[in-house]
Structure formats: structure tokens, C-alpha cells
Amino acid sequence: MIFKSRKDILFKGVMIVVILLLCLNLFFSIFDEVKTTNHIVSIVVNALVLCLLLWVFYGTSYKLTSTTLSYKSGPFKGDIAITDIHQIVKGKTLWVGLKPATASKGLIIKYNKFDEVYISPKANDSFITEILKHNSTIKIIEA
């Protein structure tokens, strides 16, 4: 089962502003009369950053199978064995660490001994219900 990532207003707002600024910079760099090496480097870097941001914005999702939880957010991907997951913290935001997420108040998945990843599926409750079908020993904590 595939779960798309929720996108909150703050994330959307920041992305729109940054994308607009990159597009403006890209536009002015392309149509500048004087083409130097700096302009070409600026165009390439702006285009790459713009592509990366759009990839993260539209390409963040989570796939749940009977054995693994897979996440991808742009170029960042990973798999977690469902049997390794021991705790899920619901409604809290992880501010440091691995965050393939596009919203706050998601889920902190704790697995192995000290590993954790923050995700933000569109519906936290349906994700938890589905993962508990595969591993009913996972402890759910409300934040």
C-alpha cells in the first residue's frame, strides 16, 4: 500500500517562495546579455536546485508491504523491516535526523535500538492501522 506525504501550509509556502526566487534568478541569468562562466554556472546550479526541490515536493511517499516500510523523498530512499519497528510516536515533529517528510505533526518511527525516521503520511491513523496489521507488537505513543 502506498501512502502519499501530507504537505502543510508552511512547507508549501516556503517551497513556493524559494521556487519563485530560483525561477526569477534563472530567468534573469538566461536573458542577461553578458554571458560569462559565472552566469552559466549560476544557470546550472539554479536549475539543479529547482529540480531537486520539485522532486522532493512531488516525490515524497511511503510504501508499506507485509515485510518492509519503504520511504522516498526525492533522491533520499530507504527501507525498514517492519519487524525492527518497536515504537511509533504520533503527532510529534522530529527536528533533527532523517526526515523524508513534507509536513509537521507526523509520525516518528523508532526501529532497531537507536534509529528513528520522521514521516508525514496524509492520514496518520490509517497508516498506523495498516502497519499494525503487519506487526501488532508496535507500541503507539500519542504526543
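This structure is a prediction, so every number in the text was calculated from the model and none was measured. (Residues numbered from 1 in each chain as written. Predicted model: local features only at pLDDT ≥ 70, side-chain atom pairs only at ≥ 80, totals over all residues. Heavy atoms only, no water.)

### Quick look at the environment of Lys 12
Next up, step 1: Along the chain, the position of Lys 12 falls in helix H1 (residues 9–30).
Next up, step 2: Placed 90 residues apart in sequence, Lys 12 and Thr 102 show a C-alpha to C-alpha distance of 8.5 Å. (Helix = DSSP H or I, 4+ residues; strand = E, 2+ residues; numbered from the N terminus.)

### Comments concerning the UniProt feature "domain: Uncharacterized protein YyaB-like PH" (unreviewed entry) in the protein
Next up, step 1: Listed under "domain: Uncharacterized protein YyaB-like PH" (unreviewed entry) in the UniProt record, and renumbered for this structure, are residues 60–135.
Next up, step 2: For residues 60–135, the end-to-end C-alpha separation is 24 Å, with 14% helix and 47% strand making up the annotated structure. (UniProt positions renumbered as here; feature names shortened; annotations may be inferred.)

### Digging into the environment of Ser 73
Next up, step 1: In this structure, Ser 73 sits in strand E3 (residues 68–73).
Next up, step 2: Look at Ser 73 and you get buried, because its relative accessible area is 4%.
Next up, step 3: Residues Ser 73 and Tyr 58 lie 15 residues apart in sequence; the distance between their C-alpha atoms is 8.4 Å. (Buried < 20%, exposed > 50% of the residue type's maximum accessible area, 1.4 Å probe, protein only.)

### Focus on the environment of Ser 42
Next up, step 1: Assignment of secondary structure puts Ser 42 in helix H2 (residues 37–58).
Next up, step 2: Judged by relative accessible area, which is 23%, Ser 42 ranks as partly exposed.
Next up, step 3: Each C-alpha atom of the pair Ser 42 and Ser 29 lies 7.2 Å from the other, and the pair is 13 residues apart in sequence.
Next up, step 4: Ignoring anything within four residues of it in the chain, the contact list for Ser 42 reads Asn 25 and Ser 29. (Contact = heavy atoms within 4.5 Å.)

### Here's the deal with the pairing of strand E2 (residues 60–64)
Within a regular strand, the side chains alternate between the two sheet faces.
Next up, step 1: Within E2, four of the five residues are buried, which leaves the element mostly enclosed by the surrounding structure.
Next up, step 2: Taken together, the three bridges between strand E1 (residues 2–4) and E2 define a ladder with antiparallel strand orientation. Within E2, the position partnered with Ile 2 by the bridge is Lys 63.
Next up, step 3: Here five bridges tie E2 to E3, and the two strands are oriented antiparallel to one another. Bridge pairing in E3 links Leu 64 to Leu 69.
Next up, step 4: Between E2 and E3, which pair antiparallel in sequence order, lie three residues. (Pairing = 2+ DSSP bridges.)

### Details of the nonpolar core
Next up, step 1: Membership of the largest hydrophobic core comes to 23 residues, with the highest contact counts inside it found for Tyr 62, Leu 69, Ile 85, Ile 88, Ile 109, Phe 127 and Ile 131.
Next up, step 2: Contributions of two or more residues to this core are made by E2, E3, strand E5 (85–92), strand E6 (106–111), strand E7 (115–119) and helix H3 (124–134).
Next up, step 3: Element by element, the count of residues in this core is highest for E6, at four residues.
Next up, step 4: In terms of nonpolar packing, the next biggest core, distinct from the first, is built from eight residues, Met 15, Ile 19, Leu 22 and Leu 53 among them. (Core = buried A, V, L, I, M, F, W, Y, C linked by side-chain atoms within 4.5 Å.)

### Considering the sheet that holds E5
Next up, step 1: Taking strand neighbours across the sheet as the criterion, the four strands line up as E7-E6-E5-E8 in an open arrangement whose pairing is mixed. Lying at the two open borders of the sheet, with one neighbouring strand each, are E7 and strand E8 (139–142). Adjacent strand axes in the sheet meet at a mean angle of 20°, parallel and antiparallel pairs treated alike.
Next up, step 2: By the bridge criterion, four bridges tie E5 to E8 in an arrangement that is parallel. Each residue of the ladder has a partner; that of Gln 87, found in E8, is Lys 139.
Next up, step 3: Sheet strands touched by H3: E5, E6, E7 and E8. Its angle to E5, the strand with the most contacts, is close to 170°. (Axes fitted to C-alpha atoms, helices over the stretch in contact; angles between N-to-C directions.)

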